[in-house]
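So you can see what is in the structure, the chains are spelled out below.
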Amino acid sequence: MKFFVDTGNVSEIEKLVPLGIIDGATTNPSLLAKEGGDHRKILKQICRLIRGPVSAEVVATDAPGMIREGKSLASIDEHIVVKVPFGREGAKACRALSDEGIRVNVTLVFSPTQALIAAKVGAAFASPFVGRLDDIATSGMDLIEQIVEIYDNYEYPTEVLVASVRHPLHVVEAARMGADVCTCPAKVIDSLFNHPLTDTGLARFLADWENAQAELAKTRKAPGAATPAARGTRGRRR
Ligand code: E4P
């Protein structure tokens, strides 16, 4: 499963990239608005850092506007994937942009029928929002299971991009269901590394090692202790 980072914050991405697990990024108008500044420059910087798919969302609401804006976003960098909101206008825009070879991520997907339509109009990615479904007492992960099944049935090349991820369990379940991508906030990616037994285990290994070294040093320093030289083994190789 690919990991995308869901952020418009360049320094967050700079910290994550060296970990070697980030395959792409997703942004949205809310995330970019939070950063301020020139969104095109930010997107360019993100593309340079990630060197994988970087979703940039249109804000137009009609298909011709989405297509115009999508082409302009795609011209920022070869890694840009144009994000269009699901809907009738989004479907038309997705078809047109995909036919021109521009990759599209259909976002704000909340039902299996919406995901099916996204695949039919040539989306490279469909983004079901699991956290926002959980927020209204509907299982986001059940939706992922259904979409994975539908796409597998017809071998649609559209990738299932699990979005609105809130915690590591979403990631685990997405991976078990065979979702293609999980896009996560930086703090969720960071939490995937953590386990208290890893920390206490490492602390014990290091403490045992230090103790053994200290014992060894004491033996070497003790007067009359048998050293390799005293035993006549200097220079011996085994
Ligand atoms: C994905 O592409 C969206 O930007 C994002 O996952 C939305 O997440 P939220 O529901 O936490 O805002």
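One can find the structure itself at the top, above this paragraph.
Structure report, in brief. (Residues numbered from 1 in each chain as written. Predicted model: local features only at pLDDT ≥ 70, side-chain atom pairs only at ≥ 80, totals over all residues. Heavy atoms only, no water.)

The next point concerns the overall build of the chain. Looking only at helices and strands, the chain has 11 helices and eight strands in total. Its C-alpha atoms give the chain a radius of gyration of 26 Å, more than 25% over the compact-globule value 18 Å for 238 residues. Expressed along its principal axes, the backbone C-alpha trace of the chain runs to roughly 90 × 35 × 35 Å. By the burial criterion, 42% of the 238 residues in the chain qualify as buried. Look at the contacts in the chain between residues 6 or more apart in sequence, and 58% of them connect residues 24 or more apart. Of note, the chain has its 29 positive side-chain charges centred 11 Å away from the centre of its 29 negative side-chain charges. (Helix = DSSP H or I, 4+ residues; strand = E, 2+ residues; numbered from the N terminus. Rg over C-alpha atoms; globule rule 2.2 N^0.38 Å. Buried < 20%, exposed > 50% of the residue type's maximum accessible area, 1.4 Å probe, protein only. Contact = heavy atoms within 4.5 Å. Lys, Arg positive; Asp, Glu negative; His and termini not counted. Charge placed at Lys NZ, Arg CZ, Asp CG, Glu CD.)

Let us now look at the site of the ligand. All residues in the neighbourhood of the ligand are listed as D6, T26, N28, K83, F129, R132, A163, S164 and R166. One of the side-chain N or O atoms of D6 is found 2.7 Å from an oxygen atom in the ligand. When isolated, the ligand has an accessible area of 350 Å², and the protein chains bury 84% of it. Among the residues forming the shell around the ligand, the class breakdown is two nonpolar, three polar and four charged. (Near = heavy atom within 4 Å. Polar contact = N/O pair within 3.5 Å; in protein donor to acceptor, adjacent residues only side chain to side chain. Areas by Shrake-Rupley, 256 points an atom, 1.4 Å probe, with all protein chains shown as cover. Nonpolar A, V, L, I, M, F, W, Y, C, P; charged D, E, K, R; others polar.)

Let's shift gears to the sheet that holds strand β5 (residues 104-109). Here we have eight strands rolled up into a closed barrel, ordered β1-β2-β3-β4-β5-β6-β7-β8, and parallel in their pairing. Strand after strand, the sheet turns through a mean of 30° between neighbouring axes, direction not considered. With three bridges connecting them, strand β1 (residues 2-6) and strand β2 (residues 24-26) associate as parallel partners. Across the sheet, the residue bridging to D6 is T26, located in β2. Here helix α3 (residues 39-50) sits on the sheet and contacts β1, β2, β3 (54-57) and β4 (80-85); the angle it forms with β3, its principal contact strand, is near 165°. (Pairing = 2+ DSSP bridges. Axes fitted to C-alpha atoms, helices over the stretch in contact; angles between N-to-C directions.)

Quick look at the pattern of salt bridges now. In the structure shown here, the tally under the stated rule is eight salt bridges. A salt bridge links D99 to R95; the shortest N-O distance between them is 3.2 Å. Residue D99 and its partner R95 are both found in helix α5 (residues 88-99); the two are separated by four residues, about one turn of the helix. With a relative accessible area of 56%, D99 lands in the exposed category. Among the residues examined, R95 registers a relative accessible area of 34% and is labelled partly exposed. (Salt bridge = Lys/Arg side-chain N within 4 Å of Asp/Glu carboxyl O.)

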